[in-house]
Amino acid sequence: MVFAASPPWLSMHKDVLSAEPQTLTEKQSLVEEIKHRAKISIKGKNYPEAETLYTKAIDILTPSEPKTLAVLYSNRSLCRFNTGKYEEAIDDAQLSINNDGEYVKGYWRLGQALFKAERYGEARRFYEEGIGKLGAGEKDRAWRREVGKCEEKEKEYKDLMEGDMTEIKVKPMVTSKPSNSKNSQSKTQKKTEETVIKDMETGVEFSQSEVIRGYKIIDGKKTSFFHHEQTEEEKALIGDIAPKRLDSTTTSDPASSSSDDLKDVSAWNKAGTWEEKDVSATAKEQLQALLLRAEFRTESAVCSVTSVDKLEGHASVATVRGKRRYIFEFSLSVSWKVVSSDLEEELGMGKMSFPDVDGTCDGEYEMTDFVVTCCESRDIVDKLVRKGGLKDDVCHKINQWVDTFRAMYSL
């Protein structure tokens, strides 16, 4: 694959963008690799880079995995939305919903893109459909706010159309001076009769302007003057530089690298531009320990996390051209309890979940599935746990783990 006049970040990902996995396992492995890199790109607001990566993942993924495709299309819609490609963002969001009608983020992305495209009625409809897909306990405040914005815009448009048309000032039409039809025709004729030059060796025709701009023929194809094909001598000197997949078991000579450096290095990386180490086990252990220390105290009550019921996901550290990147994505659920300050009376208990804990959250994590199994006063539980208090301290503990994670593996 030739990357002519490409952005600098493209060569960094050439190993995965040029890869052609054959088996289902290879495809799934490559998609996971691409998703990790794209998340880092989004966090750095490099949306064109992330869009390119997601496009590669979509191209290689089989149609038999619609749920994964829904996520990929939704994420690419986000990238295109942030680069002003609203119509393309709409198409991707619609494809996300088509692949998984229960994927709520697809509806959100579609509503956002339609609103930017000034299609307010459609945006409102998909926001309302998305609200209907929210799970128990999920907040719909942000969704309702967007519905309100759409309704305001629809009203503005309706008022404009139903307004008194006599109040609209119409500017007089300005007519241009009559042109010399003879000169106009001669100019048009010159344009249409542009000289065509035929390459006698290949038979390919060039316009005079193309000759001036420096087009030429390579292997029977018209291409830029600056296109360069390697000579046999150059190929012998440089060797075969086409990207090749490397098996993780044969990445390099153990004598030349330490086992720690080789462990979990990407099997798709040949040039050393991207190396990633899986640290999920250590990360989960540290995060769980911090979550179990989460609590909130008042004069009359103590709220605390009693157990971590679910902690799924992964964490890894990537080295990209000498720069360290920190990648993590977790979904967790904890049980909580509220007791009186003297620890003699139990005031309530339940569970709460944080489905999206990753580097794109900017330190704010959405809580869902807030379940109360028993309580003396729902108002007290809501105040101390759901609306702040313990929930905020759980988020604080997660951020504390993020800081530890970065410090532990910093260069």
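Since the model is a prediction, treat every value here as computed from it, not as a measurement. (Residues numbered from 1 in each chain as written. Predicted model: local features only at pLDDT ≥ 70, side-chain atom pairs only at ≥ 80, totals over all residues. Heavy atoms only, no water.)

Regarding the packing of helix H5 (residues 66-82) against helix H6 (residues 86-99)
- Interhelical geometry of H5 versus H6 gives an angle of 165° and a closest axis separation of 8 Å. It follows from the interaxial angle that H5 and H6 lie roughly antiparallel. As for the relative orientation of H5 and H6, their crossing is left-handed in sense. Residue-level contacts link Pro66, Leu69, Ala70, Tyr73, Ser74, Arg76, Ser77, Arg80 and Phe81 of H5 to Tyr86, Glu88, Ala89, Asp92, Ala93, Leu95, Ser96 and Asn99 of H6.
- A per-class count over the contact of H5 with H6 returns nine nonpolar, four polar and four charged. (Axes fitted to C-alpha atoms, helices over the stretch in contact; angles between N-to-C directions. Helix = DSSP H or I, 4+ residues; strand = E, 2+ residues; numbered from the N terminus. Parallel < 35°, antiparallel > 145°, perpendicular 65-115°, else oblique. Left-handed = near helix turned anticlockwise from the far one by under 90°. Contact = heavy atoms within 4.5 Å. Nonpolar A, V, L, I, M, F, W, Y, C, P; charged D, E, K, R; others polar.)

Details of helix H4 (residues 47-60)
- Here H4 contains 14 residues, and its C-alpha end-to-end distance of 20 Å stays within 8% of the 20 Å for a straight helix at 1.5 Å per residue.
- The buried fraction of H4 amounts to ten of the 14 residues, a majority that puts the element mostly inside the structure. (Expected span 1.5 Å × (residues − 1). Buried < 20%, exposed > 50% of the residue type's maximum accessible area, 1.4 Å probe, protein only.)

Considerations on the pairing of strand E7 (residues 301-320)
- In terms of strand pairing, strand E6 (residues 295-297) meets E7 through three bridges, oriented antiparallel. For glutamate 295, the partnering residue across the bridge sits in E7 and is serine 304.
- Hairpin connection of E6 to E7: three residues between the antiparallel strands.
- By the bridge criterion, 18 bridges tie E7 to strand E8 (residues 323-340) in an arrangement that is antiparallel. (Pairing = 2+ DSSP bridges.)

Side note on a positive patch on the surface
- Taken together, the side chains of Lys139, Arg141, Arg145 and Lys387 make up a positively charged region of the molecular surface.
- Relative to the elements of secondary structure, lysine 387 occurs in the loop between helix H15 (378-386) and helix H16 (390-408). (Patch = residues over 30% accessible without salt bridge, like charges linked within 9 Å, V, L, I, M, F, W, Y side chains within 5 Å. Areas by Shrake-Rupley, 256 points an atom, 1.4 Å probe, with all protein chains shown as cover. Salt bridge = Lys/Arg side-chain N within 4 Å of Asp/Glu carboxyl O. Lys, Arg positive; Asp, Glu negative; His and termini not counted. Charge placed at Lys NZ, Arg CZ, Asp CG, Glu CD.)

Examining the packing of aromatic side chains
- Scanning the model with the defined rule gives twelve aromatic pairs in all.
- Arranged with centres 6.1 Å apart and planes meeting at 90°, the rings of phenylalanine 328 and phenylalanine 405 form a pair that is edge-to-face. You can see phenylalanine 328 sitting in strand E8 and its partner phenylalanine 405 sitting in helix H16, a full 77 residues away along the chain. Each member of the pair, phenylalanine 328 as well as phenylalanine 405, carries the same accessibility label: buried.
- Ring centres of tryptophan 401 and phenylalanine 405 lie 5.0 Å apart, and the angle between their planes is 5°; on these two criteria the pair is classed as stacked. (Phe/Tyr/Trp six-rings, centres within 6.5 Å; stacked < 30°, edge-to-face > 60°.)

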